[in-house]
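Residue-level structure breakdown
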Amino acid sequence: MHRRELIRLLGLSVLGPAAGRVAGGPLWRAEAQRRAPDVDLVLTAAPDDARILAGEPTRVSRFHARLRSGPAEAIVASHDDSHLGPTLRLRQGQQVRVRFENRLDEPSIVHWHGLDVPESADGHPRLAVRAGRSYDYDFTVLNRAGTYWYHPHPHMRTGPQVYAGLAGLLVVEDDEEQALGLPSDTSDIALVLQDRRFDAGNRLVYPETGPAGGRGRGGMRMGRGQQGMGGMMALMEMETGVLGDTMLVNGRVRPALDVEAGWLRVRLLNGSNARVYRLAWTHNRPMHVIGGDGGLFDRPVTRRTLTLAPAQRADVLLDLSDLATDSEVALHSLAFPADEAGHTMTMLPGTTAPLPQGSPLDLATLRIRGRNTRPFTLPERLSDPGDGWQPVPDAPIRRIPLSFQAMQWFLGGRTFAMEDVAGDETVRPGSTHIWELVNLPNPMGMEMAHPIHLHGRQFRVLSRTGGRAPSLREGIVDHGWTDTVLVLPGETVRIQVTFSTHRGLFLYHCHILEHEDMGMMRNFRIA
Ligand code: C2O
Ligand code: CU
Ligand code: CU
């Protein structure tokens, strides 16, 4: 991407947000479509059967993508026969058009997590389309190279839809990253971490707090309705976030991936609804973290453990040059005290207990097959130090308590209402603010770690104080650009964000999907 062209594109998007419309409806701002898209694809969400466990297939919801025009490498089918969505591979500066087709039996809409897109392309729940309808997205890829992802975002149904299988990676590439010569092709792998619970018939189990029998959709078995013990327990489980008892990596149980000896780039996504991971390789092989949610860091940050909260990504380099053919390295999640992430509660009647937060987990195995002889040394400098980022000490500070009252999680003292925005949630385009996220203790003892996510622009973590979660804290990398920050129990985390120049209504919320669905989410308006 040439800088001049990017500036031209940015100029265009300032003139008018790219068009977005419900197919068949009126075209908003057709003038923004001055250029044919570089990538034009159809993304369908539909029920499907997947072979996940031995025995019966599992009913899932699944994304499929089909290219209408553009480079064939824009869609990378997911590994093997995984039910995860295909990986979309885009380049900075590309004009992208996506037609989302909703073939589920309930409303849905897709959100491009981490991308700075116009309001009409952001997947706000008020834009959800009914079953059988479609929605057209048009946006320019403004983001830096990095690992982003996409998932549904309908009102109060994000948790169950992601849980049923709707999620995929979105990889952005740019010239700066390419020039670094990082491990690529077969030495660039992705691991999507998700925990799920299955019943004896291999059906996914998800607690349901709605009317009894109302939402047993897509073959996913739901708990009982609001009445009685079942409903109470389901509600409590929603309040702590839904945990599974079976780990899926790229949609499969403990997969073994063949890799070459040499350097390996591993892109990690925590695609779980609520689980926090404390990642480590076998024998504490160093994790050279080269990037986070918003792309490459200025320099590698090396850790033995890496804390990855729901929705977060990490870009990690792993040196496997010393290993002989057939040897193995595994990715684990190490044990940590459950109360560092929060309480875990109960189970649905008739199902196995989910593994509590902090349970040690075996995630995936890398098996050495062959050798990659391409010479590589870990670069000392990776990326331009932060796109000119610097602290703005006189930026306005807004305090946002994370609290629990009357059986409900609050964000800044409020809960979600579809179009509701308060005065302190209204910001100027391109303005810089400091938001202070305060994870308060509460009388009910409902204390949890909350991964707080802002739509649109990536932000910086300025400071992290207080807290009582040493094992998770140790693995946190507050470096570079991020779109989701884990606020541990008792912590105060300050972030600095420069809001997008895209005007409109955007979201910020806890990315424990059950917290989001229950209203630990708010709008902010850029106006
Ligand atoms: Cu990945 Cu609003 O979410
Ligand atoms: Cu997002
Ligand atoms: Cu939360």
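Here, every reference points to the structure presented above.
In this report, we go over the structure that sits alongside the text. (Residues numbered from 1 in each chain as written. Chains lettered and ligands numbered in written order. Predicted model: local features only at pLDDT ≥ 70, side-chain atom pairs only at ≥ 80, totals over all residues. Heavy atoms only, no water.)

1. Description of unusual backbone geometry
- Phi is positive for Met156, close to 60°, though the residue is something other than glycine.
- Mapped onto the elements of the fold, Met156 is located in the loop between strand E9 (146–152) and helix H2 (158–163).
- One non-glycine residue, Met407, lies in the positive phi region at around 60°.
- One can find Met407 in the loop between strand E25 (397–405) and strand E26 (408–411). (Helix = DSSP H or I, 4+ residues; strand = E, 2+ residues; numbered from the N terminus.)

2. Considering the pattern of salt bridges
- Overall, the coordinates contain 37 salt bridges when judged by the stated rule.
- A salt bridge links Arg99 to Asp136, with the shortest nitrogen-to-oxygen separation between them at 2.8 Å. With Arg99 in strand E6 (residues 95–102) and Asp136 in strand E8 (residues 134–140), this pair connects stretches of sequence that are 37 residues apart.
- Exposure remark for Asp136: the relative accessible area of 6% places this residue in the buried category.
- A salt bridge links Glu119 to Arg126; the nearest nitrogen and oxygen atoms lie 2.8 Å apart. (Salt bridge = Lys/Arg side-chain N within 4 Å of Asp/Glu carboxyl O. Buried < 20%, exposed > 50% of the residue type's maximum accessible area, 1.4 Å probe, protein only.)

3. Section: the coordination of the copper ion (ligand 2)
- Protein-derived ligands of the copper ion (ligand 2) are His111 (NE2) and His453 (NE2), with the metal-ligand distances lying across 1.9 Å. Residue His111 is located in strand E7 (residues 110–113), and its partner His453 is located in strand E29 (residues 450–454); the two are separated by 342 residues in the primary sequence. (Donors = N, O, S within 2.8 Å, 3.2 Å for Na, K, Ca; no water.)

4. Regarding the packing of aromatic side chains
- With the rule as written, the count across this model stands at 14 aromatic pairs.
- Centroid distance Tyr135 to Tyr137: 4.9 Å. Interplanar angle 65°. Geometry classified as edge-to-face.
- Relative accessible area serves as the criterion here: at 1%, Tyr135 is assigned to the buried category.
- Here the aromatic rings of Tyr508 and Phe524 are separated by 6.2 Å at their centres, their planes lie at 45°, and the arrangement is tilted. Note that Tyr508 is positioned in strand E33 (residues 504–510) and Phe524 in strand E34 (residues 521–526), a separation of 16 residues in sequence. Just as Tyr508 is buried, Phe524 falls in that class too.
- By the ring-pair criterion, three or more aromatic residues cluster together here, those being Phe63, Trp112, Tyr135, Tyr137, Phe139 and Tyr150.
- The cationic tip of Arg460 hangs over the ring face of Trp389; the distance from NZ or CZ to the ring centre is 4.8 Å.
- When the ring centre of Trp481 is taken as reference, the NZ or CZ atom of Arg460 above it lies at 4.3 Å. (Phe/Tyr/Trp six-rings, centres within 6.5 Å; stacked < 30°, edge-to-face > 60°. Lys NZ or Arg CZ within 6 Å of the ring centre and 35° of its normal.)

5. Quick notes on the pairing of strand E18 (residues 277–281)
- Counting buried positions over the five residues of E18 gives five, a clear majority of the element.
- A two-sided burial pattern is seen for E18, the buried positions comprising Tyr277, Leu279 and Trp281 on one face and Arg278 and Ala280 on the other.
- Pairing between E18 and strand E21 (residues 306–308): three bridges, direction antiparallel. In the strand pairing of E21, Tyr277 is matched with Leu308.
- Of the pairings in the sheet, the one linking E18 to strand E23 (residues 328–333) comprises three bridges and is antiparallel in character. Paired with Ala280 across the bridge in E23 is His332. (Pairing = 2+ DSSP bridges.)

6. Some words on the nonpolar core
- Within the largest apolar cluster, 33 residues are counted, with the highest numbers of intra-cluster contacts made by Leu268 and Leu279.
- Per-element tally for this core: the top contributor is strand E24 (residues 361–371), with five residues.
- Those residues in contact with Leu279, other than ones at most four positions away along the chain, are Leu193, Leu268, Met287, Arg304, Thr305, Leu306, Leu308, Leu331, His332, Ser333 and Leu363.
- Residues Leu43, Val110, Val129 and Tyr137 belong to the second largest nonpolar core, which totals 30 residues. (Core = buried A, V, L, I, M, F, W, Y, C linked by side-chain atoms within 4.5 Å. Contact = heavy atoms within 4.5 Å.)

7. Overview of the side chain of Arg62
- Along the chain, Arg62 turns up in strand E3 (residues 58–69).
- Within the local environment of Arg62, its side chain forms a polar contact with the side chain of Asp48, the two groups lying 3.2 Å apart. (Polar contact = N/O pair within 3.5 Å; in protein donor to acceptor, adjacent residues only side chain to side chain.)

8. Description of the sheet that holds strand E5 (residues 87–91)
- Taken in spatial order, the five strands line up as E4-E5-E10-E9-E7 in an open sheet, and their pairing is mixed. Pairing within the sheet leaves two strands with one partner each, and these edge strands are strand E4 (75–76) and E7.
- In terms of strand pairing, E7 meets E9 through four bridges, oriented antiparallel. By the bridge assignment, His113 is partnered in E9 with Trp149.

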